[in-house]
Amino acid sequence: MDLDASAADAAFRDEARAWLAAHVPARPLPSLETRAGFAAHRDWEAELAADRWSVVSWPAEYGGRDASLFQWLIFEEEYYAAGAPGRVGQNGINLLAPTLFEHGTPEQCARVLGPMATGEVVWAQAWSEPEAGSDLASLRATAVRTAGGWHLRGQKTWSSRAAFADRAFGLFRSQPDTPRPHQGLTYLMFPLDAPGVTVRPIGRLDGKPAFAELFLDDVFVPDTDVIGEPGQGWRVAMSTAGNERGLTLRSPGRFSAAAERLTALWRETADPADTALRDRVADAVIGARAYQLFTYANASRLAEGSSLGAESSLNKVFWSELDIALHETALDLLGPYGALADDADEAPAHGGWADGWTFSLAGPVYAGTNEIQRNIIAERLLGLPKEARG
Amino acid sequence: MRFLLTDEQRDFARTLDALLGASGTPAAVRSWAAGDHKPGRDLWARLAEAGVFALAVPEEHGGLGPLPLELTVAFIELGRHAVPGPLVETAAAAAFLHRMGDAEAATAWLPRIAAGDALVGLCPDGAPFALDADATDTVLVVRDDTVCRTGTHGPVQPALDPARRLARPLGGTVLARGPAVTAAARHATDLARLLTAAQALGLGRALLAGTVDHVGQRTQFGRAIGSFQAVKHRLADTLIGLEFAQPLVYAAALALAADAPSAGAEAAAAKAAAGEAGYAAARTALQLHGAVGYTDEPDLSLWIRKARPLRDAWGTPAECRARVLAE
């Protein structure tokens, strides 16, 4: 057991740090949940991609560096420590791409991955429906067979990035009468500007149009945009869902950097006699370190050929609660300034805590609610009996 | 980087688990609590034979170590089985004696610790009580930059966990004085925090496993109570607490093994997290066992009573949290 970086990993860290020091914008970009901010972040993706930093773990042929899982973690640590911009391409890069690597055809990979890596095509996730949040098996939007492809009908909602994105991926019911609800689903990609698609932005809790609902009226999708076998969408999607909850969506670097900023804020502002607040700062620091180390252990297992199953649910619950604790503690340290939005004239110069707090509140809700995750942990990791349903 | 135990380390843990499982440990705990140390000392001798105490002692004094990571692996198992006695104190005393720079004291005690012949108490500066002073062969008491050795103590005080017997050390002769004592005591405290964290982690694992078994069998309203979501979620949270404390414990062991400048903060972080996780596991176990959990007769009580003292020994969570932010 050791925590020592290999020479190659140390060199990778140095290279990443140097590149980020030279390229990270001096001023924060405008919020990526606005039209102007979305465009600025798309340009940032292109800048990353130009030097092959946008998708370090991908094969070189698609713009990556063939980086190992450890190197990806190192890159993320450096990325967040450098205060680099949020990733507008993350839905595609973290959720769709792993699915394509596992289930996509060579033609799909060749067509989709390159423009995804450069930010030329930004992807939105279209999983949820008004009647289907964490219970994806209750999806109702349909894919109906037609010559050379499928017609999509129905409604998707709370679709992240869809207000400004180019394309979306999601699950559709292609066989209406299957014995079990997670059968007969098909995984498809579609353009958001196709005939029949109506995109209606929905304000998030902070009022920014980060979500959209999508109305699909006989939207044609060719067979070449089906991922995996028609009717097997559930199985295909589950590999993506595991990625979302597990490692790729919330790398530890994000929380380590936030814990550093929180500690600095505490040293700068806190009353040393307020031990209750001090304890919360320490717990956030300990939590961020625990998450980093837990991920190193998982990465070590994956490097030896194991796979993560229900264990990814442990991550999901832990990081989502850690994220809220970090940001709530920061808001408390800020006192009256904690009530300001980040773009207020009098917002603290080290800013970002308000947006971060709002975003953290979504953590226990999305990617399968934490209630669902706790059921998975209890049933699959602890072996407790299934809940009586229905 | 390979942040996983080796097969050898896992085998060592399994061996100790099997040894302690077959040794009637709960009966030894009850005897220890009643002041009869014989079964506990027999257990101690078997642990010494398996090499546990030698891991705390350097080779030049008849040991195998110091090997903080292997000691940690062992102490997780000692915690899993709620083994009684000044285990942490003896291992920390070995670290203290090795670093203090008094060759005579080191030569006198370290080989005996390695062989399992000596139980040694260690009272850091400010600690009023010595653990199991009625069972130890000697107690080292640190006050400011001075360390004394004593064989006498005040009356054993009734305690939350009767198997952790607390008494004031009395009198004593000065062994050494100066900055070397302070530095050795600081290192010994870091190691004691690490090993207490490991015990708390093992204790929590045992409490969780026992509770999972119980809720799978116990039926109410016509169903196993483990099928109820409120029960499941509490156990899931207990597992999360333990799972995320564990890597902190291993990382602190690596930091101590490397004598890294971060070792003190890492040991404190491990202690805070594992102490809280172990105590939370005890609270969950009590709640989900219902009235059974509130009774003394089942062995479960031996584990439940230990969780709170382990959480607070060698630095309360608040002290450990302050240490994490101290640099």
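Residues numbered from 1 in each chain as written. Chains lettered and ligands numbered in written order. Predicted model: local features only at pLDDT ≥ 70, side-chain atom pairs only at ≥ 80, totals over all residues. Heavy atoms only, no water.

The helix and strand tally for chain A stands at 11 helices and 8 strands. Radius of gyration (C-alpha) of chain A: 21 Å, near the 21 Å computed for a compact globule of 390 residues. In terms of overall dimensions, chain A has a C-alpha envelope of 70 × 50 × 50 Å along the principal axes. Counting all 390 residues of chain A, 52% fall into the buried class. Relative to all contacts within chain A whose residues are 6 or more apart in sequence, the contacts with residues 24 or more apart total 72%. Each charge sign in chain A was given a centre, from 35 positive and 52 negative side chains, and these centres are 4 Å apart. (Helix = DSSP H or I, 4+ residues; strand = E, 2+ residues; numbered from the N terminus. Rg over C-alpha atoms; globule rule 2.2 N^0.38 Å. Buried < 20%, exposed > 50% of the residue type's maximum accessible area, 1.4 Å probe, protein only. Contact = heavy atoms within 4.5 Å. Lys, Arg positive; Asp, Glu negative; His and termini not counted. Charge placed at Lys NZ, Arg CZ, Asp CG, Glu CD.)

Residues and elements named next belong to chain B. Counted by the stated rule, this structure contains 3 cavities of 30 Å³ or more. Here the largest cavity is characterised by a volume of approximately 90 Å³. Considering the residues around the largest cavity, the lining is formed by 16 residues, among which Gly85, Leu131, Arg164, Gln199 and Leu310 are closest to the centre. For the lining of the largest cavity, the elements supplying multiple residues, two or more each, are helix H5 (87-100), helix H7 (179-217) and helix H10 (300-312). (1 Å grid on protein atoms, 1.4 Å probe; cavity = no way out; pocket = protein on both sides within 12 Å on 5 of 7 lines; lining within 4 Å. Points joined across faces, edges and corners; volume = space filled by probe spheres on them.)

This next bit is on the layout of surface pockets. Residues and elements named next belong to chain A. Here the second largest pocket defines a volume of roughly 1700 Å³. Looking at the lining of the second largest pocket, the element that brings in the most residues is helix H10 (residues 353-362), giving 6 residues. Of the residues that constitute the lining of the second largest pocket, the class distribution is 24 nonpolar, 12 polar and 14 charged. (Nonpolar A, V, L, I, M, F, W, Y, C, P; charged D, E, K, R; others polar.)

Now for the nonpolar core. All names here are of chain B. Counting 151 residues, the largest nonpolar core has Phe3, Leu47, Phe75, Phe96, Met100 and Leu235 as its most contacted members. For this core, the leading source of residues is helix H8 (residues 229-257), giving 17 residues. Beyond its immediate chain neighbours, meaning those up to four positions away, Phe96 contacts Leu140, Val142, Val147, Val181, Ala184, Ala185 and Ala188. (Core = buried A, V, L, I, M, F, W, Y, C linked by side-chain atoms within 4.5 Å.)

Take unusual backbone geometry next. It is generally the case that most residues other than glycine have a negative phi and that most peptide bonds are trans. All names here are of chain B. With an omega of 0 degrees, the peptide bond running from Gly65 to Pro66 counts as cis. Structurally, Pro66 is set in the loop between helix H3 (38-49) and helix H4 (68-80). Look at Trp314: it is not a glycine, yet its phi comes out positive at around 55 degrees. Relative to the elements of secondary structure, Trp314 occurs in the loop between H10 and helix H11 (317-324).

Side-chain pairing between opposite charges can occur once the charged atoms of the two side chains come close. Under the criterion given, the structure shown has 42 salt bridges over all chains. The partner of Asp283 of chain A in a salt bridge is Arg321 of chain B, and the shortest N-O contact between them spans 2.7 Å. Of the two residues, Asp283 of chain A is situated in helix H8 (residues 275-303) and Arg321 of chain B in helix H11; the pairing between them involves two chains. Taking the relative accessible area as the measure of exposure, Asp283 of chain A reaches 34% and is therefore partly exposed. (Salt bridge = Lys/Arg side-chain N within 4 Å of Asp/Glu carboxyl O.)

Our next topic: helix H4 (residues 90-103) of chain A. Residues and elements named next belong to chain A. With 14 residues, H4 extends 19 Å between its outermost C-alpha atoms, agreeing within 8% with the 20 Å of an ideal straight helix rising 1.5 Å per residue. The sharpest bend along H4 comes to roughly 35 degrees, located at Leu96, with the proline Pro98 sitting one to four residues further on. A large share of H4 lies buried, amounting to 12 of its 14 residues. Among the residues making up H4, those that are buried are Gln90, Asn91, Gly92, Ile93, Asn94, Leu95, Leu96, Ala97, Pro98, Thr99, Leu100 and His103. (Expected span 1.5 Å × (residues − 1). Bend = angle between axes of the 7 residues up to and from the residue.)

This part is about the sheet that holds strand S4 (residues 146-150) of chain B. Residue and element names in this part refer to chain B. Ordered by their spatial adjacency, 4 strands build an open sheet running S1-S3-S4-S8, and the pairing between neighbours is mixed. Two strands lie at the open edges of the sheet, namely strand S1 (120-123) and strand S8 (173-177), each paired on one side alone. Here the average twist between neighbouring strands, direction ignored, is 20 degrees. (Pairing = 2+ DSSP bridges. Axes fitted to C-alpha atoms, helices over the stretch in contact; angles between N-to-C directions.)

Residues and elements named next belong to chain A. Turning to its location among the elements, Ser251 is positioned in the loop between helix H6 (233-245) and helix H7 (252-269). Side chain to side chain, Ser251 and Glu76 meet in a polar contact 2.5 Å long. If we skip the residues at most four places from it in the chain, Ser251 touches Trp72, Glu76, Tyr80 and Tyr291. (Polar contact = N/O pair within 3.5 Å; in protein donor to acceptor, adjacent residues only side chain to side chain.)

Residue and element names in this part refer to chain A. Axis separation between H7 and helix H9 (residues 311-334) bottoms out at 10 Å; the angle between their running directions is 20 degrees. As judged from the angle between their axes, H7 and H9 are roughly parallel. Here H7 and H9 pass one another in a crossing that is left-handed. Judged by residue contacts, Arg254, Phe255, Ala258, Ala259, Leu262, Leu265, Trp266 and Thr269 of H7 engage Trp319, Leu322, Asp323, Leu326, Thr329, Ala330, Leu333 and Leu334 from H9. (Parallel < 35°, antiparallel > 145°, perpendicular 65-115°, else oblique. Left-handed = near helix turned anticlockwise from the far one by under 90°.)

These figures capture arrangement, not role.
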